[in-house]
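Residue-level structural notes
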Amino acid sequence: MQTATHDYSLRWEEDALLTVDQRQLPHTVRLLRITTVDELIEAIRSLAIRGAPALGVAGAFGVVLAMRAHSTGTDVDFGGVHRDAERLARARPTAVNLAWGVRRALGKVSSGRDAALNEALAMLAEDERVNRSAAENAADVVLRLCPDRPLRVLTHCNTGRLATAAFGTALGAIRVLAGRGRIEGVLVDETRPLLQGARLTCWELKELHIPHRLVVDSAAAWAMAQGEVDCVLVGADRIAANGDTANKIGTYSLALAAQRHRIPFVVVAPESTRDLGIASGRDIVVEERGAEEVLEFGGASVAPAATSVYNPAFDVTPANLISAVVTERGCVLARDDLVPGGS
Ligand code: MRU
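The next thing to look at is the sheet that holds strand S9 (residues 212-215). What holds strands together in a sheet is hydrogen bonding between their backbones, with the strands either parallel or antiparallel. Pairing is mixed across the open sheet formed by 7 strands, whose spatial order is S9-S8-S7-S10-S13-S18-S19. Single-partner strands in this sheet number two, and they are S9 and strand S19 (330-334). For this sheet, the mean angle separating the axes of adjacent strands, direction not counted, is 25°. Here strand S7 (residues 151-155) pairs with strand S10 (residues 231-234) via 3 bridges, running parallel.

Counting residues in hydrophobic clusters, the biggest one holds 40 residues, and the most contacted among them are Leu-17, Ile-34, Leu-40, Ile-49 and Phe-61. Taken together, the elements giving at least two residues each to this core come down to strand S2 (10-13), strand S4 (30-34), helix H1 (37-45), helix H2 (52-69), helix H3 (78-89), helix H4 (96-106) and helix H5 (113-145). Among all residues touching Leu-17, those that are not within four sequence positions of it are Leu-10, Arg-11, Trp-12, Leu-32, Arg-33, Ile-34, Leu-40, Ile-49, Ala-58 and Phe-61. Counting residues in each nonpolar core, the second largest holds 31 residues, with Leu-143, Cys-146, Leu-171 and Ala-173 among its members.

We now examine the pattern of salt bridges. Once the charged atoms of two side chains with opposite charge are near each other, the side chains can pair. Scanning the model with the defined rule gives 21 salt bridges in all. Of the charged contacts in the structure, one is a salt bridge between Asp-21 and Arg-23, with a shortest N-O distance of 2.9 Å. Residue Asp-21 is classed as buried on the basis of its relative accessible area, which comes to 0%. Taking relative accessible area as the criterion, Arg-23 reaches 35% and is therefore assigned partly exposed. For Arg-238, the salt bridge is made with Asp-275, and the minimal N-O distance between the two is 2.6 Å. Remark: Asp-275 occurs in strand S14 (residues 274-275) and Arg-238 occurs in strand S11 (residues 238-240); sequence separation between them is 37 residues. Each member of the pair, Arg-238 together with Asp-275, is buried. In the salt-bridge network here, residues are joined through shared partners; they are Arg-92, Glu-287, Arg-289 and Glu-293.

Turning our eyes to something else, we now look at the pairing of strand S18 (residues 324-327). Residues Ala-324 and Val-326 line one face of S18 and the alternating positions Val-325 and Thr-327 line the opposite face, and both faces are buried. Of the pairings in the sheet, the one linking strand S13 (residues 265-268) to S18 comprises 3 bridges and is parallel in character. If you follow Val-267 over to S18, its bridge partner there is Val-325. Inspection of the sheet shows S18 paired to S19 by 4 bridges, in the antiparallel sense. Note that in S19 the partner of Ala-324 across the bridge is Ala-334. Here S18 folds back onto S19, and the loop between the two strands holds 2 residues.

Take helix H7 (residues 196-208) next. Given a rise of 1.5 Å per residue, 13 residues ought to cover 18 Å, and the 17 Å separating the end C-alpha atoms of H7 matches this to within 8%. Against S7, helix H6 (170-179), strand S8 (183-189), S9 and strand S12 (245-248) lie the buried residues of H7. A positive phi of about 60° marks His-209, the residue just after H7.

Our focus in this paragraph is the sheet that holds strand S17 (residues 314-317). An order of S14-S11-S12-S17 is seen for the 4 strands of this open sheet, with the pairing classed as mixed. Bordering the open sheet on either side are S14 and S17, each of which pairs with just one other strand.

This paragraph deals with the site of the ligand. Surrounding the ligand, one finds 16 residues, the nearest of these being Arg-50, Arg-92, Gln-196, Asn-247 and Lys-248. In the model, an oxygen atom of the ligand is placed 2.6 Å from a nitrogen or oxygen of the Asn-247 side chain. Contact with the protein chains removes 99% of the 420 Å² of surface that the ligand exposes when unbound. Tallied by class, residues from the shell around the ligand come to 6 nonpolar, 6 polar and 4 charged. Both domains that meet at the shell around the ligand, namely domain 1 (2-127) and domain 2 (134-334), each give it at least three residues.

A common way to express how large an interface is: the accessible area buried when the components associate. Each assigned domain of the protein is listed here: domain 1 (2-127) and domain 2 (134-334). If you average the C-alpha positions of domain 1 and of domain 2, the two centres end up 25 Å apart. Taken together, the contact between domain 1 and domain 2 spans 27 residues of the former and 30 residues of the latter. Between domain 1 and domain 2, roughly 2300 Å² of surface is buried when both sides are summed, and carbon and sulfur atoms account for 53% of that area. Summed over the three residues of domain 1 that lose the most area to domain 2, namely Arg-50, Thr-94 and Val-96, the buried surface amounts to 26% of that side. Linking domain 1 to domain 2 there are 1 salt bridge. Note that Arg-92 and Glu-287 form a salt bridge whose closest N and O atoms lie 2.9 Å from each other. Taken together, the connections running from domain 1 to domain 2 amount to 17 residue pairs in polar contact (both at pLDDT 80 or more). Elements that contribute at least two residues to the side of domain 1 that touches domain 2 include exactly H2, H4 and H5. The residue inventory of the side of domain 1 that touches domain 2, partitioned by class, reads 14 nonpolar, 7 polar and 6 charged.

So, how was this worked out
- Residues numbered from 1 in each chain as written.
- Predicted model: local features only at pLDDT ≥ 70, side-chain atom pairs only at ≥ 80, totals over all residues.
- Heavy atoms only, no water.
- Pairing = 2+ DSSP bridges.
- Helix = DSSP H or I, 4+ residues; strand = E, 2+ residues; numbered from the N terminus.
- Axes fitted to C-alpha atoms, helices over the stretch in contact; angles between N-to-C directions.
- Core = buried A, V, L, I, M, F, W, Y, C linked by side-chain atoms within 4.5 Å.
- Buried < 20%, exposed > 50% of the residue type's maximum accessible area, 1.4 Å probe, protein only.
- Contact = heavy atoms within 4.5 Å.
- Salt bridge = Lys/Arg side-chain N within 4 Å of Asp/Glu carboxyl O.
- Expected span 1.5 Å × (residues − 1).
- Near = heavy atom within 4 Å.
- Polar contact = N/O pair within 3.5 Å; in protein donor to acceptor, adjacent residues only side chain to side chain.
- Areas by Shrake-Rupley, 256 points an atom, 1.4 Å probe, with all protein chains shown as cover.
- Nonpolar A, V, L, I, M, F, W, Y, C, P; charged D, E, K, R; others polar.
- Domains from an automatic or database assignment.
- Buried area = accessible area lost by both parts, 1.4 Å probe.

And the structure:
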């Protein structure tokens, strides 16, 4: 491991995947050097690498690592590569991007060792382009929905460069809006239990010099009631064909509160997060994580020993609570009353 400051979150260098270790932020900017599929699975499960688009790209590089592990000279044990790919794709179940990224690179393995690597490198570059387009499109949609004043945006979890290969999705849209001089400030949900908002989004917003305030998740509805929020911008882990959207736990409550206060609720994601193979959110598997994430805070216990815990990492927001879903293709799903002619 090395310590450094870099503006990328994933990179391929000398037969290894280099990534910013998101578990250590905001205190330490540390690079993790991953050379095996098992190391990658552990990094994904423990959220050293996280965020749907970053998981997709990491999954593709995982196939490259599997190819290297199962190659002797020009012989490749394709069975071994496929078994590793399956384990990788299952490391986290909710974000469709992980399985998508694994599948895309796996589709190239029969064309040789370099073909999978070239595909993963192409996905790395593509992710930045796609995020920039989605972010620009989302900024346009937000300005149509909220044309009147410098915006107070509320966001949840981390959807920035750390959660992607570069630039970010919902946080990318906030960057674009800030670049156009349209952001007054960002309210950042801390995002219990693992604090992706507090630890990662505040870190990125500070780096970008975008004004922001951190709120506890349970303050969001009250902030809306107090007229402190013009628009909610979030990312996604999986979007069903009908627009139902899985994202970090707490997103559904934000959408309910936004509807109550007639505040636009916009989802920004790459097309690779849309799963047109499932009709609705009922088919989305919601990852449940370990009890210790809820029973402890900063390593200190916050509940009586052996308390039972329910710890869903995601929730599914029904499409009818979402004003618009915006991707690199534009506004792909919209509630007509909120985005006239949007989809
Ligand atoms: O558990 P995490 O931190 O991987 O959850 C991430 C999210 O919920 C993000 O909002 C989503 O992946 C979109 S990232 C551009």
